[in-house]
Amino acid sequence: MVKRQREKQRVRKQPGSREARRLNLGDLRFGTELLKRGFASMQKGGVIMDVVNAEQAMIAEEAGAVAVMSLERVPSDIRKAGGVARMADPERVLEIIDAVSIPVMGKVRIGHIVEAQVLEVLGVDMIDESEVLTPADEQYHIDKRLFTVPFVCGARDLGEALRRIHEGAAMVRTKGEAGTGNVVEAVRHMRAIMGSIRGLKGMDRPELTDYAREIEAPAELVIECAERGRLPVVNFSAGGIATPSDAALMMQLGADGVFVGSGIFKSSNPPRMAKAIVEAVNNFDDPKVIAKVSKGLGEAMPGLDVHKLSEDEVLQYRGR
Amino acid sequence: MDVRIGVLALQGNVSEHIGAFERALAGMGHTDQSSVFPVKRPADLERCDALAIPGGESTTISRLIDKNQLDEPIRRFPGGIFATCAGMVLIATRVDDPKVRPLGLIDMTIDRNAFGRQKESFETDLPVKGLLGGPFHAIFIRAPVATQTGLGVTVLSRLPQGIVAVEQGRHMALAFHPELGGDTRLHERFLKNLKI
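Once a new chain begins, its residue numbering starts again from 1 and follows that chain's sequence as written. Written order determines the labels here, with chains lettered from A and ligands numbered from 1. Given that the model is predicted, a residue must reach a pLDDT of at least 70 before its local features are reported, and side-chain atom pairs must reach 80 or more before they are shown or counted; all residues, however, enter totals for whole chains, interfaces and linings. Side-chain numbers come from the whole structure's heavy atoms, not from hydrogens or water.

A. Up close: the overall build of chain A. When helices and strands are tallied, chain A shows 15 helices and 10 strands. Using C-alpha atoms as the atom set, the radius of gyration is obtained and then compared with a globule rule of 2.2 Å times the number of residues to the power 0.38. The C-alpha atoms of chain A give 20 Å as radius of gyration, which agrees with the globular expectation for 320 residues (20 Å, within 12%). With the C-alpha coordinates of chain A rotated into their principal frame, the extents come out at 60 × 50 × 40 Å. Counting across all 320 residues of chain A, residues that qualify as buried make up 59%. Every accessible area reported is derived by Shrake-Rupley at a probe size of 1.4 Å, with residue values counting cover from the shown protein chains alone. For chain A, the exposed area adds up to about 13600 Å²; of that, 49% sits on carbon and sulfur atoms. Helix and strand assignments come from DSSP, with helices taken as H or I runs of at least 4 residues and strands as E runs of at least 2, each series counted from the N terminus. The cut-offs for exposure are 20% and 50% of the maximum accessible area for each residue type, with area from a 1.4 Å probe on protein chains only; residues under the lower value are buried, those over the upper are exposed, and the others partly exposed.

B. Expanded view of the pattern of salt bridges. Salt bridge criterion: a side-chain nitrogen from Lys or Arg within 4 Å of a carboxyl oxygen from Asp or Glu. For the coordinates displayed, the defined rule picks out 39 salt bridges over all chains. In this structure, the salt-bridge partner of Lys 266 of chain A is Asp 77 of chain A, at a minimum N-O distance of 3.0 Å. Highlighted residues: Lys 266 of chain A in the loop between α13 (262–265) and α14 (270–282) and Asp 77 of chain A in helix α5 (residues 75–81), separated in sequence by 189 residues. Assessed through its relative accessible area of 30%, Lys 266 of chain A is described here as partly exposed. We note a salt bridge from Glu 216 of chain A to Arg 320 of chain A, for which the minimum N-O separation is 3.7 Å. Of the two residues, Glu 216 of chain A is situated in the loop between α10 (205–214) and α11 (219–228) and Arg 320 of chain A in the segment after α15 (287–294); the sequence distance between them amounts to 104 residues. Residue classification places Glu 216 of chain A among the partly exposed positions, given a relative accessible area of 47%. Several salt bridges share partner residues, and in doing so they unite Asp 66, Asp 71, Glu 72, Arg 75, Arg 76 and Arg 101 of chain B into one network.

C. Representation of the side chain of Ser 62 of chain B within the structure. Turning to its location among the elements, Ser 62 of chain B is positioned in helix α3 (residues 58–67). Since its relative accessible area comes to 4%, Ser 62 of chain B is described here as buried.

D. Geometry of the interface of chain A and chain B. Whether two residues are in contact is decided by their heavy atoms, any of which lying within 4.5 Å being enough. Contacts between the two partners involve 50 residues from chain A, matched on the other side by 43 residues from chain B. We define buried area as the total accessible area lost by two parts upon association, computed with a 1.4 Å probe and summed across both. Interface area, chain A with chain B, both sides summed: about 3600 Å², of which 51% is carbon and sulfur. Summed over the three residues of chain A that lose the most area to chain B, namely Leu 35, Met 42 and Asn 282 of chain A, the buried surface amounts to 19% of that side. In this assembly, chain A and chain B are joined by six salt bridges. The closest approach of N and O atoms between Glu 61 of chain A and Lys 99 of chain B, which form a salt bridge, is 3.1 Å. Pairs of N or O atoms are called polar contacts if they sit within 3.5 Å, as long as, within protein, a hydrogen donor faces a hydrogen acceptor (for residues adjacent in sequence, only side-chain-to-side-chain pairs). Counting every contact that joins chain A to chain B gives 30 residue pairs in polar contact (both at pLDDT 80 or more). Ranked by the residues each element gives to the side of chain A that touches chain B, the list is headed by helix α3 (residues 33–42) of chain A, at seven residues. Under this grouping Gly is polar, as are all residues other than the nonpolar Ala, Val, Leu, Ile, Met, Phe, Trp, Tyr, Cys and Pro and the charged Asp, Glu, Lys and Arg. Its residues assigned to classes, the side of chain A that touches chain B shows 20 nonpolar, 16 polar and 14 charged. If DSSP finds at least two bridges between two strands, the strands pair. Taken together, the two bridges between strand β2 (residues 28–30) of chain A and strand β7 (residues 122–126) of chain B define a ladder with antiparallel strand orientation. Along β7 of chain B, the bridge assignment pairs Arg 29 of chain A with Glu 123 of chain B.

E. Representation of helix α6 (residues 185–194) of chain B within the structure. Summarising burial for α6 of chain B: seven of the 10 residues are buried, a large majority. Of all the positions in α6 of chain B, only Leu 186, His 187, Glu 188, Arg 189, Phe 190, Leu 191 and Leu 194 of chain B are classed as buried.

F. Examining the side chain of Glu 185 of chain A more closely. Within the fold, Glu 185 of chain A resides in helix α9 (residues 184–200). Of note is the side chain of Glu 185 of chain A, whose polar atom sits 2.6 Å from the side chain of Arg 188 of chain A.

G. Quick peek at the layout of surface pockets. Method remark: on a 1 Å grid restricted to protein atoms, a set of points is classed as a cavity if a 1.4 Å probe fits but cannot get out and as a pocket if it is open with protein on both sides within 12 Å along at least five of seven lines; lining residues have an atom within 4 Å of a point. Grid points are joined across faces, edges and corners, and a volume is the space filled by probe spheres set on the points. When its volume is computed, the largest pocket comes out at roughly 800 Å³. Every residue lining the largest pocket is counted, 33 residues in all, and those nearest its centre are Lys 44, Arg 230 and Asp 256 of chain A together with Ser 15 and Glu 16 of chain B. Considering each element in turn, the lining of the largest pocket owes the most residues, five residues, to α3 of chain A. Here the residues of the lining of the largest pocket are counted per class, giving 16 nonpolar, eight polar and nine charged. Of the volumes computed, that of the second largest pocket is approximately 280 Å³. Forming the walls of the second largest pocket are 14 residues, and the residues nearest its centre are Ile 78, Arg 79, Asp 312, Glu 313 and Arg 318 of chain A. Here the lining of the second largest pocket is composed, by residue class, of seven nonpolar, three polar and four charged.

H. Expanded view of helix α1 (residues 14–27) of chain B. All names here are of chain B. Here, expected helix span is obtained from the residue count minus one, scaled by 1.5 Å. Its 14 residues give α1 an end-to-end C-alpha distance of 20 Å, which sits within 8% of 20 Å, the value for a rise of 1.5 Å per residue. Among the residues of α1, those classed as buried are Val 14, His 17, Ile 18, Gly 19, Ala 20, Phe 21, Ala 24 and Leu 25. Buried residues along α1 sit in contact with β1 (4–8), β2 (35–39), β3 (50–53), β4 (80–84) and α6. Just downstream of α1, Gly 29 is the residue with a positive phi angle, here 75 degrees.

I. Broad picture of the packing of aromatic side chains. The rule is short: rings of Phe, Tyr and Trp, with Trp giving its six-membered ring, pair when the centres are within 6.5 Å, and they are stacked under 30 degrees, edge-to-face over 60, tilted in between. Applying the stated rule across the entire model yields 11 aromatic pairs over all chains. Ring centres of Phe 21 of chain B and Phe 82 of chain B lie 5.2 Å apart, and the angle between their planes is 75 degrees; on these two criteria the pair is classed as edge-to-face. Of the two residues, Phe 21 of chain B is situated in helix α1 and Phe 82 of chain B in strand β4; the sequence distance between them amounts to 61 residues. Phe 82 of chain B shares its class with Phe 21 of chain B; the two are buried. Considering the side-chain rings of Phe 115 of chain B and Phe 122 of chain B, the 5.2 Å spacing of their centres and the 70 degrees angle between planes classify their relative orientation as edge-to-face. We note that Phe 115 of chain B, like Phe 122 of chain B, is buried. Every member of this aromatic cluster is reached through a ring pair, and the members are Phe 30 of chain A together with Phe 115, Phe 122, Phe 136, Phe 140 and Phe 176 of chain B. Sitting over the face of the ring of Phe 37 of chain B, Arg 47 of chain B holds its NZ or CZ atom 4.2 Å from the ring centroid. When the NZ atom of lysine or the CZ atom of arginine is within 6 Å of a ring's centre and also within 35 degrees of its normal, the charge is said to sit over that ring.

J. Main features of the packing of α1 of chain B against α6 of chain B. Residue and element names in this part refer to chain B. For every element, the axis is a line fit to its C-alpha atoms; helices are fit only across the contacting stretch, and the angle between N-to-C directions ranges from 0 to 180 degrees. Where α1 meets α6, the closest approach of the two axes is 9 Å, and the angle between their N-to-C directions is 70 degrees. The angle between α1 and α6 places the two elements in the roughly perpendicular class. The crossing of α1 and α6 is right-handed. In this structure, α1 uses His 17, Ala 20, Phe 21, Ala 24 and Leu 25 to contact α6, whose residues at the interface are His 187, Glu 188, Phe 190 and Leu 191. Taken together, the residues of the contact of α1 with α6 sort by class into six nonpolar, two polar and one charged. If an angle is under 35 degrees, it is roughly parallel; if it is over 145, roughly antiparallel; if it lies from 65 to 115, roughly perpendicular; otherwise it is oblique. By the definition used in this description, the sense in which the near helix is turned from the far one sets the handedness, with an anticlockwise turn below a right angle giving left-handed and a clockwise turn giving right-handed.

Fair warning: the whole summary comes from geometry, so function is off the table for now.
Listed below in structure tokens is the structure:
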């Protein structure tokens with residue numbers, strides 16, 4: 001019922017100006033699945049960068065980022081600070097929105113419906129329901145179909161990715177392990193998803209249905225993956241990308257694009273690192289270009305061994 | 001006749017454009033020798049009869065055009081150009097934002113993100129001048145408009161916010177995304193205009 005009311009609100013007549021009537025325009029539809037997935041599709045082949053203020057957002061835009069992710073602290077600082085990590089201050093988000101013309105995304109806690117409503121009102125272009133922040137709900141994710149803005153969600157394997165898509169996510173990003181500067185988990189999760197999809201090839205319908213039960217995903221989405229040979233939405237890589245080579249590696253493994261969190265603004269020369277990662281993603285299959293852009297970049301962000309993290313420090317276990 | 005279409009593959013909605021042109025070519029009964037392929041380098045451009053510049057982020061694509069030294073080759077490209085959304089921004093002569101360096105191939109002034117942010121993105125049925133078969137279901141995503149066009153530019157469609165579809169010679173520019181729907185009438189119209 002609530003859903004139907006929302007749907008209704010999202011269809012608007014053209015503003016009643018005489019010109020609009022003369023142009024004989026139909027209804028306008030907002031927040032449809034096609035618009036949400038279409039927005040995500042426009043990000044393909046791009047780099048989305050974490051930023052905490054307007055100055056960083058402008059550096060990211062200048063370097064060629066397709067979008068920026070506004071947040072209170074980059075993941076490596078969230079690790080250091082401890083405590084509860086929440087949505088960024090709205091004032092900060094607005095400052096970033098005003099500073100750049102590229103899309104601005106924002107992170108909310110898993111299951112925190114109201115933080116998402118606040119970001120939507122502020123005008124954020126996409127919401128990341130993110131395990132990097134402290135979860136607000138350990139059982140349920142947000143019902144993302146109720147929103148006009150699209151969502152991106154993290155996933156470690158095909159089942160998790162398809163559960164998020166079923167809830168309305170218009171984009172998936174593999175979780176990796178944020179704030180570590182260590183690409184190993186990003187690789188593990190990308191390989192898990194791509195490998196599972198490759199494994200669907202040759203399965204007949206009963207086998208696909210059985211497999212869907214096994215990975216706790218809706219059967220129709222598993223069948224759609226089998227038919228298309230890919231996820232039904234755009235799939236980016238995230239969580240541990242610290243160098244141009246890391247970014248190109250994720251592209252070679254099948255990512256549609258990358259999120260870089262701490263990797264840029266925790267390096268010794270953020271503007272150069274940002275530009276180098278954009279070029280590496282664009283030329284991910286050309287090692288000569290990657291060699292060139294990697295020269296003399298200075299220090300990458302300090303890395304962490306993910307095997308030495310205690311269980312409650314591992315962010316990827318949040319949400320499933 | 002066979003026709004070779006390149007899709008500028010620097011960033012954005014590349015595979016959808018390739019798919020839409022393949023469907024349009026098949027619908028028009030073109031031979032198997034026709035092909036649609038990604039274009040990344042100046043050498044790729046030499047093989048093309050037409051070039052599609054897809055949607056994506058215009059500031060990013062503009063920067064990558066410069067980095068990949070495609071700026072001059074595209075300006076000198078003798079074939080037709082099919083530009084959508086970010087492509088429409090890039091193909092214009094004037095853009096309201098200095099972060100984009102437009103290629104100056106269609107005489108028009110662009111207002112980027114004229115409709116607002118993503119929550120203002122919309123779908124609608126749009127009348128397009130001279131298009132048979134009724135209005136075109138158009139998908140506008142953080143779309144631009146043209147606020148001014150020069151002589152020699154034909155306006156195909158407009159909304160209260162501005163002009164959203166134009167033709168100039170063999171070039172076509174659209175503020176919306178025909179590659180996201182199943183309707184290939186505008187792709188076909190562009191291909192017919194190439195007169196190959």
